[in-house]
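So you can see what is in the structure, the chains are spelled out below.
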Amino acid sequence: MMDVAQDLAESTSDVTSNPKYSKYTEIKCESISWESCYYCPCLKFACISDFVKHLRERHCTREGGSFVCRYGFNGVCPSLPLDGVSDRDYDAHVNKYHVNQNSRGMPPEWSVFSAAQNLPAVLNDPLRGKQVNLFTKKWGADFVEKSHIPPSTYLPEITYHDFGKYISKIGKRYRRHDHFTMQQNLHCEGESLTCNGIVSTSPTHGVSLVAVPEIFLKETLNLQNASTFSQVFPGIMEKSNGEERRKTGRVVQEKLSHYLDIVEVKIAQQVSQKSASFFHAMTSQDAIMTEMQEAARRVQALRAALQMLHKSVVIDTFRVLCFAKRRQNFEDVLDKLCLMATVHKTQPMLQLLLGTQDYVAALDLIGTTQEILTQELNGVHCFKHLPMQLVEMEKLIDKMLTSEFVKYVTGDLNRPLSDMLKETDSTCAEEDKLVCIVMGLLRKKNFSFVDTYKEEAINSIRAIIKQQIIEFISTSEREICLTGMGEEAQDLSIAQWISLLGKLTVALLIILERVQAVTYIMGQTTAAAGGSNHGNQSIGINNEKAVNLIDSEAFLTESDRACVDQKLSELMDVVCQYCHRRCANLVAPQSLEKATATVEELRRLSLLVQEFSEACEDICGIAAVPLKMALKDQAIKFANRFHSERKHKLGILLDAERWQKVDIPNEFQKLIDFIEENDISELTVKRSSTSFLYGETSYWHYEDATEMPPASPLLLVESVPYTLVGTALLLVQMLCEYCRYGQLLPIVAGYLSRNVVDLLRTFNSRSCQLIIGIGAISVAGLRIITCANLALLSRALQLILWLLPKIKAHFESLDPTSVASYEIIENDYRGHVKELENKIYTIVSDRLASELKTWEARPPIPSQAFRQICRDLVSLHKAIAPILPEKQMQTIYSIVHRNFKDKLREKLLELGIVKNGGPQQGVVTSELTFYMETLRTLKALPVEELDDGILDNIWEFNSCQ
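A brief look at the structure comes next. None of the values given here were measured: they were computed from a predicted structure. (Residues numbered from 1 in each chain as written. Predicted model: local features only at pLDDT ≥ 70, side-chain atom pairs only at ≥ 80, totals over all residues. Heavy atoms only, no water.)

### Topic: the nonpolar core
- Counting 188 residues, the largest nonpolar core has Phe 405, Leu 873 and Tyr 893 as its most contacted members.
- In contact with Tyr 893, not counting residues within four places along its chain, are Leu 873, Leu 876, His 877, Ile 880, Leu 935, Leu 938, Ala 940 and Leu 941.
- Counting 18 residues, the second largest nonpolar core, distinct from the first, contains Cys 37, Tyr 38, Val 85 and Tyr 90. (Core = buried A, V, L, I, M, F, W, Y, C linked by side-chain atoms within 4.5 Å. Buried < 20%, exposed > 50% of the residue type's maximum accessible area, 1.4 Å probe, protein only. Contact = heavy atoms within 4.5 Å.)

The structure is reproduced here in structure tokens:
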């Protein structure tokens, strides 16, 4: 090795000492600029064109028609930082600054020392505030103020004493281990030296490999690398003189010899340390060979025993297993043949099952045969056409089931209606046949049979309705033209329509019962197909007789069963709704447009619709909404006509009313007494044509009616007399008719209740226009509107106010939502009564005030003015006393009396008369005495106001002035 190093040093010195190769050596020691990329170190380039192409593709950007070089740190070229150049200039730039650059160094890598900070930003930290002693501090560890961090309350304080137990326990073991290791190393070294007979006197004894440079210990030692060569031979190329280079080579050679001696000594030490193990392995090799020979002998004996066992035991056993396998194969072949024979009999068996209408078994046989052909007899040549035949047979069964179902449904629904009298156990014919057909359809998952039955039921209902109408018309004596769908025979009367509807409802109920029975059987069959023991509970059927079902395994899933149940439920709903709609066409207003129904006819129609609706609800569980709406439309039409007639009649009566009192018929008194003692809903009335008051009207008769006494001038209501006009009696009669019709027709009770409010509002507004608005002068031909007219209207309104709560309670029991406006109309009536009272005392007060204007305090006594005042009071009493109750009359007179005193005080103040005992005071006292005597005679004021207190009250007011 020393010779090699010396030769290498001499050759190197010769090359480097030659001036011809000095420049070449310097260039080779440095890397060529275009061979690699600073920023893509994994790429190497063989020629300059590859390097230029790389720069254009990876380190160049094109902006418009210019090229910007990005070959530099952070993508900025130091020679062309921002400017863009043309294509030719870019190539010149690359060749000048990047390709032909003689030397270039790697850009410095970023570190913490590359970072910079603005000193004013550090000094002006807003979080630190103003720092006073910043420039007096010394730079060092104490330049930054230390902040004390308080210890955490959640962590205990750890001290050296906490590890004392661990150190005392482990320290002893560690010292013992260290002692044993040192003794073992010394012992091994002593043995190796003793065995070799060497006493180390070499200067390399005790020297470790640390003295050898690390570069000689690397596996990648390559002297062709310039940097590695300079480390191995430091400074040898820097000497220009040949003698110096030789000296340097000798020094290097001595160092390398020294390194070689150190390595050889270390190798000798390692060999001496492992010599004992090496000799031990050599001595144990003979024992190992002996054990291997013994093992080979035993293996040979084992193989011989296994061969003998194979001949004596294994061969015979395998023959037995082969025979058993062969027998099993024969049995499998026999089973296949038997299975093929069974499959061959499929078609005759299918014909037999279809002949007995066992469709489910036939379909199960087809499914089982198809499964066998697919799984167990797959590839059998003789059955290659059988799957297609089975598919065709299955389609044929599906068509057969559909046709049989339609045939059965048509025959069942079109049976004569008279057969219902003979149907004792069930309303469904041939239940077993229906169960077989439905089972087959369910097995095929053909759920459209429910829709088919729905269509057939609707067609049957349509045909029955038309047939019933034709039969009804054929029995009529008149010739009637039937148009449309059999519902437009417009020449029928209301009674005939109702009779026809009664027959139709009976027929439709029979059809619905048949549909119900068939639907029940379908539901039971579906439940059995789904694996349930109970029938369909969603269609509201509870038959005592159980349906004879086919014993079959469940083949319907829960989802399929729910789908069929939903279809069956919808079937009953649709059929019932269709019946309701067809019946509604018979009672619709457009069907009865040429006739006008009476209340009794509507009553019969209402009972008929109610019975039919209840029967339908019992069957299918839904209400007859279309039929009830058609009935309600007809009833509203009747109510509109009735209300229009009554409203028109009331307007005529009010316009013709002379506003004079009339005698009260005894039957009307009986009516009021009955309403007073009983509820108005218990009132039963019937009309009879007679005349009282205004020609044709109605009396009210009762079942216990006797000979009627003559009429009375007063009507007693709860022992209170009422003097009334004829219009008020007829209005009460109309209100009772509204209540009666509401009781007979509850379907329009709310509508009639609102009509009552409208009628009362009409009476209130029209009477106010005629009396207070003096419209009766021009309409009825009255000369003036007197206080008696006002009083009669007031009593009529009071009678209505007495009757209004009873009417409200009656209609509230029928329709609670229809009485919201009764409080408003009651307030309107009370306000009208109050307005009439105000009108009366306003008229009288104005008359008295006009008389006082001409009065003077001078004889004669009583004066003409006071005589006229008293006559006016007497006339007022004669006009309203027989009409108004005493309390109301006294209220009016009290207001008139108070207004009279106010006017008299003003007159006395105007005349300057004071209470001084003079003659004028005497005249006033005499006049007031005459005035009070007149009031005492009339008894028009309360008793406490009939004293002579007015003589003092007049002067008290005057003295206050």
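### Description of the packing of aromatic side chains
- Applying the stated criterion across every chain, the model contains 15 aromatic pairs.
- When the centroid spacing of 5.6 Å and the interplanar angle of 80° are considered together, the rings of Phe 405 and Phe 449 count as edge-to-face. Of this pair, Phe 405 sits in helix α13 (residues 386-413) while Phe 449 sits in helix α15 (residues 449-475), and the two are 44 residues apart along the sequence.
- For Phe 449, a relative accessible area of 3% gives the class buried.
- Its guanidinium or amino end placed over the ring of Phe 67, Arg 56 lies 5.3 Å from that ring's centre, counting from NZ or CZ. (Phe/Tyr/Trp six-rings, centres within 6.5 Å; stacked < 30°, edge-to-face > 60°. Helix = DSSP H or I, 4+ residues; strand = E, 2+ residues; numbered from the N terminus. Lys NZ or Arg CZ within 6 Å of the ring centre and 35° of its normal.)

### Comments concerning a nonpolar patch on the surface
- Taken together, Ile 158, Tyr 160, Phe 163, Tyr 166 and Ile 167 make up a surface patch of nonpolar side chains, about 600 Å² in accessible area.
- Look at Ile 167 and you get partly exposed, because its relative accessible area is 38%. (Patch = residues over 30% accessible without salt bridge, like charges linked within 9 Å, V, L, I, M, F, W, Y side chains within 5 Å. Areas by Shrake-Rupley, 256 points an atom, 1.4 Å probe, with all protein chains shown as cover. Salt bridge = Lys/Arg side-chain N within 4 Å of Asp/Glu carboxyl O.)

### Quick word on the pattern of salt bridges
- Applying the stated criterion to the full structure yields 18 salt bridges.
- The partner of Asp 451 in a salt bridge is Lys 454, with the nearest N and O atoms 4.0 Å apart. A residue pair is termed a helical-turn pair when its members lie 3 or 4 positions apart in one helix, as Asp 451 and Lys 454 do in helix α15 at 3 residues.
- The class of Asp 451 is partly exposed, set by a relative accessible area of 28%.
- In this structure, Glu 645 and Arg 641 form a salt bridge, with 3.5 Å as the shortest nitrogen-oxygen distance. With Glu 645 and Arg 641 both in helix α19 (residues 625-656) and 4 residues apart, this pair spans about one turn of that helix.
- One network of salt bridges, in which partners are shared, links Arg 641, Glu 645, Arg 646 and Glu 737.

### Remarks on the pairing of strand β2 (residues 66-69)
- Here 4 bridges tie strand β1 (residues 60-63) to β2, and the two strands are oriented antiparallel to one another. When the bridges of β2 are listed, Arg 62 appears paired with Phe 67.
- What sits between β1 and β2 in their antiparallel hairpin is a turn of 2 residues, with Gly 64 showing a positive phi close to 70°. (Pairing = 2+ DSSP bridges.)

Structural measurements only, silent on function.
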